[in-house]
Amino acid sequence: MSGKPKLRVATTSLAGCFGCHMSLLDIDERLFPLLDLVEFDRSPLTDIKHCGLCDIGIIEGGICNAENVHVLYEFRRNCKTLIAIGSCAITGGLPAQRNHLDLGSCLTEVYLTEPGLAHGHIPNDPELPLPLDKVHPLHEVVKIDYFIPGCPPSGDAIWKFLTDLIVGKTPELGHGLIKYD
Ligand code: SF4
């Protein structure tokens, strides 16, 4: 175990599928040395509800609703370095395919007119975050420091990227670690 103070890392999934988080876990037994170097703040891997002051924030998923925007601003305020991980965070990804459709028609089809629905209604509880008209990549809303492409990026790419960053190097994904699918 190193004597250096651990870096604090927050992660979240916005309009994502948790696949990028699963890829983070794909570093397998390298999680143990990672945990010698970092501690996790808000993350689906912890029970912390809000992002505190952190060295690194990692966000999968684009922005599809009002709550996503609040969480993204919280991460940008509190994280020195903010990373968009995966195609959804970088371009909107597959969820952005809804951008050429009318949002009202989508909601009507899914909740009101889809065959087999009984007494359907479009959910309108104020607890629910309002959907945005379009799905947006993160950099359209806040400044992003780094992008890790892939759907999802491989565990090896995430490991290389994080270990570079943790030792103070500019992260570089060499041959075989960059992909977009
Ligand atoms: S980039 Fe791919 S794996 Fe990552 S959240 Fe989006 S759909 Fe899931």
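This report concerns the structure included in the present document. This one's a predicted model, so the numbers in the text were calculated from it and none came from an experiment.

**As for the nonpolar core**
Here is a general trend for soluble globular proteins: nonpolar side chains tend to be buried in one another's company.
So, point 1. One finds Leu34, Ile58 and Ile83 to be the most contacted residues of the largest nonpolar core, which totals 21 residues.
So, point 2. The set of elements that each furnish at least two residues to this core consists of helix H1 (19–25), strand S2 (38–40), strand S3 (54–60), strand S5 (79–85) and helix H6 (155–166).
So, point 3. When residues in this core are grouped by element, the largest group, 7 residues, is from H6.
So, point 4. Among all residues touching Ile83, those that are not within four sequence positions of it are Ile56, Gly57, Ile58, Ile59, Ile144, Tyr146, Ile148, Phe161 and Leu165.
So, point 5. Leu14, Cys51, Val71 and Leu138 belong to the second-largest nonpolar core, a separate cluster that totals 17 residues.

**Here's the deal with the pattern of salt bridges**
So, point 1. The full count for this structure, using the stated rule, is 10 salt bridges.
So, point 2. Here Arg8 ties to Glu39 by a salt bridge, and the two come within 3.2 Å at their closest N and O atoms. Residue Arg8 is located in strand S1 (residues 7–13), and its partner Glu39 is located in strand S2; the two are separated by 31 residues in the primary sequence.
So, point 3. Of the residues examined, Arg8 reaches a relative accessible area of 25% and is grouped as partly exposed.
So, point 4. Taking the shortest distance from any N to any O, the salt bridge between Lys80 and Asp55 comes out at 3.1 Å. One end of the pair, Lys80, is in strand S5; the other, Asp55, is in strand S3, with 25 residues separating them in the sequence.
So, point 5. Members of the salt-bridge network, linked through shared partners, are Arg8, Glu39 and Asp41.

**Notes on the site of the ligand**
So, point 1. Near the ligand, the surroundings consist of Gly16, Cys17, Gly19, Cys20, Glu60, Gly86, Ser87, Cys88, Gly150, Cys151 and Pro152.
So, point 2. Secondary structure elements with two or more residues in the shell around the ligand: H1 and helix H4 (87–91).

**Digging into the packing of aromatic side chains**
So, point 1. Here the structure, examined in full by the defined rule, presents 1 aromatic pair.
So, point 2. Relative to Phe161, the ring of Tyr146 lies with its centre 5.5 Å away and its plane at 80°, an arrangement referred to as edge-to-face. Placement of Tyr146 in strand S7 (residues 146–148) and of Phe161 in helix H6 is noted, with a sequence separation of 15 residues between them.
So, point 3. Judged by its relative accessible area of 3%, Phe161 falls in the buried class.

**Focus: the sheet that holds S7**
So, point 1. The strand order across the open sheet formed by 5 strands is S2-S1-S3-S5-S7, and the pairing between neighbours is parallel. Two strands in the sheet have a free side with no partner beyond their single neighbour: S2 and S7. When the angles between neighbouring strand axes are averaged without regard to direction, this sheet yields 25°.
So, point 2. The pairing of S1 with S3 spans 5 bridges and is classified as parallel. Note that in S3 the partner of Ala10 across the bridge is Gly57.
So, point 3. Its contacts with the sheet place helix H3 (residues 66–78) against S1, S3 and S5, and it is angled at close to 135° to S5.

**Structural notes on the environment of Asp47**
So, point 1. Following the sequence through the fold, Asp47 ends up in the loop between S2 and S3.
So, point 2. The exposed category is assigned to Asp47, whose relative accessible area is 63%.
So, point 3. Distance in space between the C-alpha atoms of Asp47 and Pro131 is 25 Å, their sequence separation being 84 residues.
So, point 4. Here Lys49 takes part through its side chain, which lies 2.8 Å from a polar atom of the side chain of Asp47.

**Describing the side chain of Ser13**
So, point 1. If you trace the backbone, Ser13 turns up in strand S1.
So, point 2. For Ser13, the side chain forms a polar contact with the side chain of Glu60, separated by 2.6 Å.
So, point 3. Those residues in contact with Ser13 that sit more than four places away from it in its chain are Phe18, His21 and Glu60.

Rules and cut-offs
- Residues numbered from 1 in each chain as written.
- Predicted model: local features only at pLDDT ≥ 70, side-chain atom pairs only at ≥ 80, totals over all residues.
- Heavy atoms only, no water.
- Core = buried A, V, L, I, M, F, W, Y, C linked by side-chain atoms within 4.5 Å.
- Buried < 20%, exposed > 50% of the residue type's maximum accessible area, 1.4 Å probe, protein only.
- Helix = DSSP H or I, 4+ residues; strand = E, 2+ residues; numbered from the N terminus.
- Contact = heavy atoms within 4.5 Å.
- Salt bridge = Lys/Arg side-chain N within 4 Å of Asp/Glu carboxyl O.
- Near = heavy atom within 4 Å.
- Phe/Tyr/Trp six-rings, centres within 6.5 Å; stacked < 30°, edge-to-face > 60°.
- Pairing = 2+ DSSP bridges.
- Axes fitted to C-alpha atoms, helices over the stretch in contact; angles between N-to-C directions.
- Polar contact = N/O pair within 3.5 Å; in protein donor to acceptor, adjacent residues only side chain to side chain.

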